[in-house]
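Chain by chain, the residues run as shown.
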Amino acid sequence: MSAEALRLDHIVKSFPGVLALKDVSFTVAPGEVHALVGENGAGKSTLMAVAAGVLAPDSGVVEIGGRRLTRPSPAAAQELGLAVVYQHATVLDDLSVAENLLFSLPRERRPVRARVPGWAAAHLAAVGAEVRPSTRAADLSIAQRQQVEIARALALESRVLVLDEPTESLTEAESARLFEQVERLREAGAAVVYISHRFPEVQRIASRITVLRDGEIRGTFAAAAVTEQDVLQLIVGREVSHVFPAKPSLPAPGPAPALLSARGLTGPRFTAVDLDLRPGEITGLAGVEGNGQRELLRALAGLLPSQGQLRVAGQPVSGLTPAAAAARGLVHLPGDRHAEGAFLPRPVRENVSALILGRLSRWGVIDRAAEQARATEAVEALNVRTPSIETPVASLSGGNQQKVIFARCLAAEPEVLLADEPTRGVDVGARMEIYRLLRDFAARGHAVLALSSDAIELAGLCDRVLVFSRGRVVRELAGQELSESAITGTAIMATRGEDCPTGPARGAGRPGWRDRLPGALGSDHMPAVVLAVLAVLLAGYTAARNPLFLDSYNLANTMLLASILVFVAGGQLTVLIAGSIDLSVGPLMGLVVVIMSFFASGNHGLPGLLLGAVVSLLAGVAAGLINVVGIRLVRLPPVIATLVMYILLQGLALVLRPTPAGYIDSSSVRLLQARVGVFPVAALVAVAVLLAGQWLLRHSRRGVELRAIGSAEPRARRMGARVELTFATAHIACSVSAVLAGLVLTSVVGVGQSGLGIEYTLTSITAAVLGGASIFGGRGSYLGALIGALLLQEIIAATSFLGLGAAWQDWLPGLLILAGAGLFSRARRTRPAGSLLLAGPAPG
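Residues numbered from 1 in each chain as written. Predicted model: local features only at pLDDT ≥ 70, side-chain atom pairs only at ≥ 80, totals over all residues. Heavy atoms only, no water.

Some details on the overall build of the chain
Each helix and strand counted, the chain has 32 helices and 26 strands in total. Since a compact globule built from 844 residues should have a radius of gyration of about 28 Å, the 30 Å found for the chain is in line with a globular shape. Taken along the three principal axes of its C-alpha coordinates, the chain extends 95 × 70 × 60 Å. Looking at the 844 residues of the chain, the share that counts as buried comes to 54%. Taking as baseline every contact in the chain between residues at least 6 positions apart, the subset at least 24 positions apart corresponds to 73%. By element, 60% of the accessible surface of the chain is carried by carbon and sulfur atoms, the whole surface being about 35,500 Å². (Helix = DSSP H or I, 4+ residues; strand = E, 2+ residues; numbered from the N terminus. Rg over C-alpha atoms; globule rule 2.2 N^0.38 Å. Buried < 20%, exposed > 50% of the residue type's maximum accessible area, 1.4 Å probe, protein only. Contact = heavy atoms within 4.5 Å. Areas by Shrake-Rupley, 256 points an atom, 1.4 Å probe, with all protein chains shown as cover.)

Right, dumping it as structure tokens:
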């Protein structure tokens, strides 16, 4: 048994073309905060990924709490007592804040349901997060997401806590509260690994410091025994003189127009802002997060609407869009490189050239040699650590990803660079390079507008700083009065000043009904409510026009037919929530009809019916498993894998029944169409199955995991979700649902015939989407799918009673989808394209 809380012994880890870790040994004792520092790409995050079970080492030993991590996985590392706060938050967007906090918590430590809101609120308050536990994580700011990530890790009360750049998105006050929690954990005997580029933070809380460079340990020291200069020299491998480049003496403003000028600019969270950006200067934006400075920067980039006078190079500008801003020389450097900055699956070359494709093309064809030359030049200029310019950006470290985005912005040769947190997640060596590049860029007659949460950075880099509070510029600092203390003091004290109509921070406070309305429209249950109202209105209108619509015979038949769609829509919703899709459900239903025509025909009676149902279920499970193999092992996109199954099942049904034959015996039909009063038993079972699915989706571990992997599979995997098992279960459940639908369809058709059920593939997707499912995964409601299926079947029946043509059976659902998209698209944030649906399974 080891005395260390965490022991990494002789770890070696390599990637194609890169030896990331070279015989690294690292230990943390109980009750110790051990800082791990180094440049981007030095191997810090890779080493902690090995410790957390995310990556398996090529060789070496990982021990947590004296127990060896034999089969590396995030779940196994968590079980041994290790928790990680990642540099890029693994918060799951489609789960609520409370569900995120509970996700990795062991079952025996989870509070009872009634106490979850209070439990979650207490843990959020401990890290200073002003967020409601019921808030959907997708609606949180970057800083709030980081706070939720920290709160989740602290709630685990693990033996070992790894904090990877935890304060990058936090204010000074929020960071101080985090340090208090770290100290509490240390006193309780927990071991903490602290990774940061901010040396003052490291010296404040760490007892030991280990320096990692180029995948090797360069030394371990007592924190009190080394200076910042000593550590910097070990990190970069050379002597470091000055962090910030010298500021030039700027001439007084002349008659020439400013590169960018704003008067009375007003938009979301900011009001009446006056701004002039002149050649050669770097202007900073400061203030407590949520006071309008970030919204101003985004409005100038055309990402948010604004009103007021705006001039670029003296020319008035209105209706600014991102494309128009870029065309006028205003280029935006995003603060969230994952969500807005990098094209992660694409190579470095394509990321660097993304804004200058017009210059690199002739007659619409890109000059590959010129593109490669520009990318190579940018990689060398910014010292981007990458095996080659063809390496996907997703495989680079966070700091090198940031440098690639920075290189793309500079390649566009902008007049004004709008930089949102330009050095977030960047090591000290690269940070100095970026400072120099920004100053050189400004010195060439351009301007920089930089937003940063680091007051030291703003004071050292900028010529002047505008401090925001409640959406207004409350002070401009320049010259001798520009200092870290002046920036911080102004930002904190100014928050007590006059109010400004900027609105409450997203996810905080108690909103009024106008604030709650978009959230209500964006909830998973609102589509079901809307569809239910439409179904009632349609039934009332049709019955008023033709009383036979509510006749018991018609109701029974409509519900029987609806049960078919309810079953298959519920199955389709399951895979949609998982971030997949199944196009094979329709032909599978047709195959069930064919199978049943062999077993439930003639005089086989109940035994034949049961045997046919068993064979059909086995066929359904086999189809689901083959779909899973195609998607997860062969790594086909779900659309392709299930389309292949669509063709195979359709062909198999045709081989078995080339012509209609095998009439289903009347006893089997009566059993499958049995009623309780006016209600078919099949319909009652279908409703019960989907209502049970709705409860499990919201209140069971398996349901939360299903939503988690559809929301973001790599994040869910890091949090310990059983990704492969959950994904396979979803596809098998979908196929079994299609089999149940096929059994009911058998009783309706009454004869074995190939080609049946095909129309249910698209109809099932329609019902699920009408009910609120996202085709990108993570969201959906079984209640919504149930009512969506009932409404679609009601439309089919109503068109006949209203004397409408058969075309209306397709037009009305289409109009409903368009109306629903218009109603909910503004109220719900959607995931970016490139999800599991079309892009195939995520690696690892």
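A few points about the nonpolar core
One finds Leu92, Phe103 and Met589 to be the most contacted residues of the largest nonpolar core, which totals 85 residues. Counting residues per element, this core draws most heavily on helix H21 (residues 552-577), at 11 residues. Each residue touching leucine 92, except ones within four places of it in the same chain, is listed here: Asn100, Phe103, Ala137, Ala708, Ser711, Ala712, Arg715, Ala716 and Met719. (Core = buried A, V, L, I, M, F, W, Y, C linked by side-chain atoms within 4.5 Å.)

Topic: the packing of aromatic side chains
Under the definition given, this model contains three aromatic pairs. With 6.3 Å between their ring centres and 65° between their planes, phenylalanine 179 and tyrosine 194 make a pair best called edge-to-face. Separated by 15 residues along the polypeptide, phenylalanine 179 in helix H6 (residues 172-187) and tyrosine 194 in strand S8 (residues 191-195) bring together distant segments of the chain. With relative accessibility at 0%, the residue tyrosine 194 sits in the buried group. A centroid spacing of 5.5 Å and a plane angle of 80° characterise the contact between phenylalanine 549 and phenylalanine 801, whose relative ring orientation is edge-to-face. Remark: phenylalanine 801 occurs in helix H30 (residues 782-801) and phenylalanine 549 occurs in the loop between helix H20 (526-545) and H21; sequence separation between them is 252 residues. With relative accessibility at 5%, the residue phenylalanine 549 sits in the buried group. Assessed through its relative accessible area of 24%, phenylalanine 801 is described here as partly exposed. (Phe/Tyr/Trp six-rings, centres within 6.5 Å; stacked < 30°, edge-to-face > 60°.)

Some details on the sheet that holds strand S21 (residues 464-469)
The sheet built from six strands is open, its strands ordered S16-S19-S20-S13-S21-S22 with mixed pairing. In the strand order of this sheet, the two ends are held by strand S16 (330-333) and strand S22 (472-478), each with one partner. Neighbour to neighbour, the strand axes of the sheet diverge by 20° on average, direction disregarded. Direction of pairing for strand S13 (residues 282-286) relative to strand S20 (residues 447-451): parallel, over a ladder of four bridges. Residue leucine 285 lies in a different strand from S20, and its bridge partner there is leucine 451. Helix-sheet contacts for helix H15 (residues 398-411) involve S16 and strand S19 (416-420), and the interaxial angle to S16 is about 180°. (Pairing = 2+ DSSP bridges. Axes fitted to C-alpha atoms, helices over the stretch in contact; angles between N-to-C directions.)

A closer look at helix H1 (residues 44-51)
Most of H1 sits inside the fold, with seven of its eight residues counted as buried. Where H1 is concerned, the buried positions are Lys44, Thr46, Leu47, Met48, Ala49, Val50 and Ala51. Looking at the residues trailing H1, positive phi occurs at glycine 53, about 80°.

Quick look at helix H24 (residues 638-656)
The first and last C-alpha atoms of H24 sit 27 Å apart over 19 residues, in line with the 27 Å expected at 1.5 Å per residue. Buried within H24 we find Pro638, Ala641, Thr642, Met645, Tyr646, Leu649 and Ala653. The arc enclosing the buried residues of H24, seen along the axis, measures out at 145°, which places them on a common side. In H24, the exposed positions angled more than 90 degrees off the buried face are occupied by Ile647, Leu648 and Val655. (Expected span 1.5 Å × (residues − 1). Arc of directions from axis to C-beta.)

Some remarks on the sheet that holds strand S1 (residues 6-15)
On the basis of which strands lie adjacent, the open sheet formed by four strands has the order S2-S1-S4-S5 and antiparallel pairing. Single-partner strands in this sheet number two, and they are strand S2 (18-28) and strand S5 (67-68). Taken together, the five bridges between S1 and strand S4 (residues 59-64) define a ladder with antiparallel strand orientation. Looking at the pairing, valine 12 lines up with serine 59 of S4. The sheet contacts of H1 involve S1, S2 and S4, and relative to S1 the element is tilted by about 115°.

Digging into the packing of H20 against H30
For the pair H20 and H30, the least separation of the axes is 9 Å and the interaxial angle reads 20°. Considered as vectors, H20 and H30 are oriented roughly parallel to each other. Handedness of the crossing formed by H20 with H30: left-handed. Packed against H20, whose contacting residues are Ala528, Leu531, Ala532, Leu534, Ala535, Leu538, Ala539 and Thr542, the element H30 presents Leu783, Gly784, Ile787, Gly788, Leu791, Glu794, Ile795, Ala798 and Phe801 at the interface. Per-class residue counts for the contact of H20 with H30 are 13 nonpolar, three polar and one charged. (Parallel < 35°, antiparallel > 145°, perpendicular 65-115°, else oblique. Left-handed = near helix turned anticlockwise from the far one by under 90°. Nonpolar A, V, L, I, M, F, W, Y, C, P; charged D, E, K, R; others polar.)

A closer look at the state of the cysteines
Within the structure shown, the criterion is met by zero disulfides. No disulfide involves cysteine 462; its sulfur sits 17 Å from the nearest other cysteine sulfur, which is in cysteine 409. (Disulfide = S-S within 2.5 Å.)

Comments concerning unusual backbone geometry
Although it is not a glycine, alanine 313 sits at a positive phi angle of roughly 55°. Position of alanine 313 among the secondary structure elements: in the loop between strand S14 (307-312) and strand S15 (315-316). Positive phi outside glycine occurs at glutamate 413, with the angle close to 50°. Tracing the sequence through the fold places glutamate 413 in the loop between H15 and S19.

Let's talk about the environment of arginine 213
When you line up the elements, arginine 213 lands in strand S9 (residues 208-213). You can call arginine 213 buried: its relative accessible area is 18%. Distance from arginine 213 to alanine 42, taken between C-alpha atoms, is 4.8 Å for residues 171 residues apart in sequence.

Considerations on the pairing of S20
Counted residue by residue, S20 has five buried out of five residues, so it is predominantly covered. Here S20 shows no split at all, with Ala447, Leu449 and Leu451 on one side and Val448 and Ala450 on the other all buried. Bridge analysis of S19 against S20 gives five bridges, and the strand direction is parallel. By the bridge assignment, alanine 419 is partnered in S20 with alanine 450.

As for a nonpolar patch on the surface
Together, Val676, Phe679, Val681, Leu684, Val685 and Val689 make up a nonpolar patch on the protein surface, roughly 460 Å² of accessible area in all. The element that contributes the greatest number of residues to the nonpolar patch is helix H26 (residues 681-699), accounting for four residues. Take leucine 684: its relative accessible area is 42%, and that puts it in the partly exposed class. (Patch = residues over 30% accessible without salt bridge, like charges linked within 9 Å, V, L, I, M, F, W, Y side chains within 5 Å. Salt bridge = Lys/Arg side-chain N within 4 Å of Asp/Glu carboxyl O.)

Considerations on the pairing of S22
Taken together, the six bridges between S21 and S22 define a ladder with antiparallel strand orientation. Note that in S22 the partner of phenylalanine 468 across the bridge is valine 473.

Notes on the pattern of salt bridges
For the coordinates displayed, the defined rule picks out 34 salt bridges. A salt bridge links glutamate 413 to arginine 359; the shortest N-O distance between them is 3.7 Å. Taken together, the positions of glutamate 413 in the loop between H15 and S19 and arginine 359 in helix H13 (residues 357-360) put the pair 54 residues apart, joining distant regions of the chain. One salt-bridge network, held together by shared partners, links Arg346, Arg349, Glu350, Arg368, Glu371 and Glu390.

Re the confidence of the model for the chain
Considering every residue of the chain, the mean pLDDT works out to 85; 91% of them sit at 70 or more. This stretch, residues 495-521, has a pLDDT under 50; its non-local contacts, to residues over four places away or in other chains, come to 38 contacts. Below a pLDDT of 50 lies the segment residues 827-844, which in the model reaches 52 contacts outside its immediate sequence neighbourhood of four places, other chains included. (pLDDT = per-residue confidence, 0-100.)

Structural notes on the side chain of serine 104
Structurally, serine 104 can be placed in the loop between helix H3 (97-103) and helix H4 (116-126). Here serine 104 falls in the buried class, since its relative accessible area comes to 13%. In this structure the side chain of serine 104 is engaged in a polar contact, spanning 3.0 Å, whose partner is the backbone oxygen of methionine 719. Excluding residues that lie within four positions of it along the chain, serine 104 makes contacts with Gln78, Leu156, Arg701 and Met719. (Polar contact = N/O pair within 3.5 Å; in protein donor to acceptor, adjacent residues only side chain to side chain.)

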